[in-house]
Amino acid sequence: MNVSQKRPVQVYGEDPAKSRVLSSTPGMFPKRTALECTGVGKRFDQGETCEDVLRDVNLTVQVGEACCLLGPSGSGKTTLLSILGCLLTPTTGRLVVDDAAVDFTVTHQVAELRRRRIGFVFQQAHLLPFLSVERNLEVVAENSGMNGIGARQRRGDLLERLGVAAGRRKLP
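Residues numbered from 1 in each chain as written. Predicted model: local features only at pLDDT ≥ 70, side-chain atom pairs only at ≥ 80, totals over all residues. Heavy atoms only, no water.

A. Broad picture of the packing of aromatic side chains. In this structure the tally under the stated criterion is zero aromatic pairs. Directly above the aromatic system of Phe 44 lies the positively charged group of Lys 42, at a separation of 5.4 Å from the ring centroid. (Phe/Tyr/Trp six-rings, centres within 6.5 Å; stacked < 30°, edge-to-face > 60°. Lys NZ or Arg CZ within 6 Å of the ring centre and 35° of its normal.)

This is the structure we're talking about:
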């Protein structure tokens, strides 16, 4: 993976020599590509100057695989994650999620992809402080188009999977 030469970013999991692949059980997940970017670049134009924040980034993440993105401040980590999460359009390159190429020009399809297939864990909590943890999860599910029963079922599944069901009625 190549990023701006002044500020390199490393993705561990791509290079077998540096691999930090995490999986709870070997062979637990089928060998299938979850996310792939090829030749991804991002240029920010700032008046008469422009900055290539990312150049020719190539990354493949398999289902069940975890990788770690490391780099100094300003190296392009957040920009890359924003592109991988379909929050930011790359200047160059191609992004494939679940075997489907992302067409960033079709905004409603990109929004649907984010809503249905991509999960975010933000650095700061983006929860409504006056709602319980379980109600915050329901609001997100309802805003994604789930009905009340589906939203409550999804909420219960998530609370159990994350191991935080005991605190479901607490405020964030």
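B. Layout of helix 3 (residues 133–143). Those residues of helix 3 that fall on the buried side of the exposure criterion are Glu 134, Asn 136, Glu 138 and Ala 141. Considering only its buried residues, helix 3 is in contact with helix 4 (148–162). Following helix 3 by one or two positions, Gly 145 adopts a phi angle in the positive range, close to 100°. (Buried < 20%, exposed > 50% of the residue type's maximum accessible area, 1.4 Å probe, protein only. Helix = DSSP H or I, 4+ residues; strand = E, 2+ residues; numbered from the N terminus. Contact = heavy atoms within 4.5 Å.)

C. The packing of helix 3 against helix 4, seen in detail. Look at helix 3 against helix 4: their axes get within 9 Å of each other, and the N-to-C directions meet at 125°. For the element pair helix 3 / helix 4, the angle class is oblique. For the pair helix 3 and helix 4, the crossing hand works out as right-handed. In contact with Val 133, Glu 134, Leu 137, Glu 138, Ala 141 and Glu 142 of helix 3, helix 4 contributes Ala 151, Arg 152, Arg 155, Leu 158 and Leu 159. Class assignment of the residues belonging to the contact of helix 3 with helix 4 gives a composition of six nonpolar, no polar and five charged. (Axes fitted to C-alpha atoms, helices over the stretch in contact; angles between N-to-C directions. Parallel < 35°, antiparallel > 145°, perpendicular 65-115°, else oblique. Left-handed = near helix turned anticlockwise from the far one by under 90°. Nonpolar A, V, L, I, M, F, W, Y, C, P; charged D, E, K, R; others polar.)

D. Representation of unusual backbone geometry in the model. For Asp 56, which is not glycine, the phi torsion reads 55° and is therefore positive. When you line up the elements, Asp 56 lands in strand 3 (residues 49–62).

E. Focus on the side chain of Thr 79. Relative to the elements of secondary structure, Thr 79 occurs in helix 1 (residues 77–84). Not counting chain neighbours up to four residues away, the residues in contact with Thr 79 comprise Lys 42, Phe 44, Val 53, Leu 54 and Leu 88.

F. View of the pattern of salt bridges. For the structure shown, the criterion picks out 11 salt bridges. For the salt bridge of Arg 43 with Asp 52, the shortest nitrogen-to-oxygen distance reads 2.7 Å. Judged by its relative accessible area of 38%, Arg 43 is partly exposed. One salt bridge connects Glu 138 with Arg 135, and the closest N-O pair in it is separated by 3.0 Å. Highlighted residues: Glu 138 and Arg 135, both in helix 3, separated by three residues, approximately one helical turn. Arg 135 sits in the partly exposed class, given a relative accessible area of 29%. Overlapping salt bridges bring together Glu 134, Arg 135, Glu 138, Glu 142, Arg 155, Arg 168 and Arg 169 as one network. (Salt bridge = Lys/Arg side-chain N within 4 Å of Asp/Glu carboxyl O.)

G. Just the confidence of the model for the chain, in detail. Of all residues in the chain, 80% attain a pLDDT of 70 or more, and the chain-wide mean is 80. Here residues 1–10 is a poorly scored stretch, pLDDT under 50, and it has 38 contacts once near neighbours within four places are set aside; other chains count. Note that residues 12–26 has pLDDT below 50 and, in this model, 24 contacts with residues that lie over four places away or in other chains. (pLDDT = per-residue confidence, 0-100.)

H. Fine view of helix 1. Inspection of helix 1 places Thr 79, Leu 80, Ser 82, Ile 83 and Leu 84 among the buried residues, and these make up the whole buried set. Where helix 1 is buried, its residues contact strand 2 (33–46), strand 3, strand 4 (68–70) and strand 5 (92–97). Positive backbone phi, at 60°, marks Cys 86, one or two positions downstream of helix 1.

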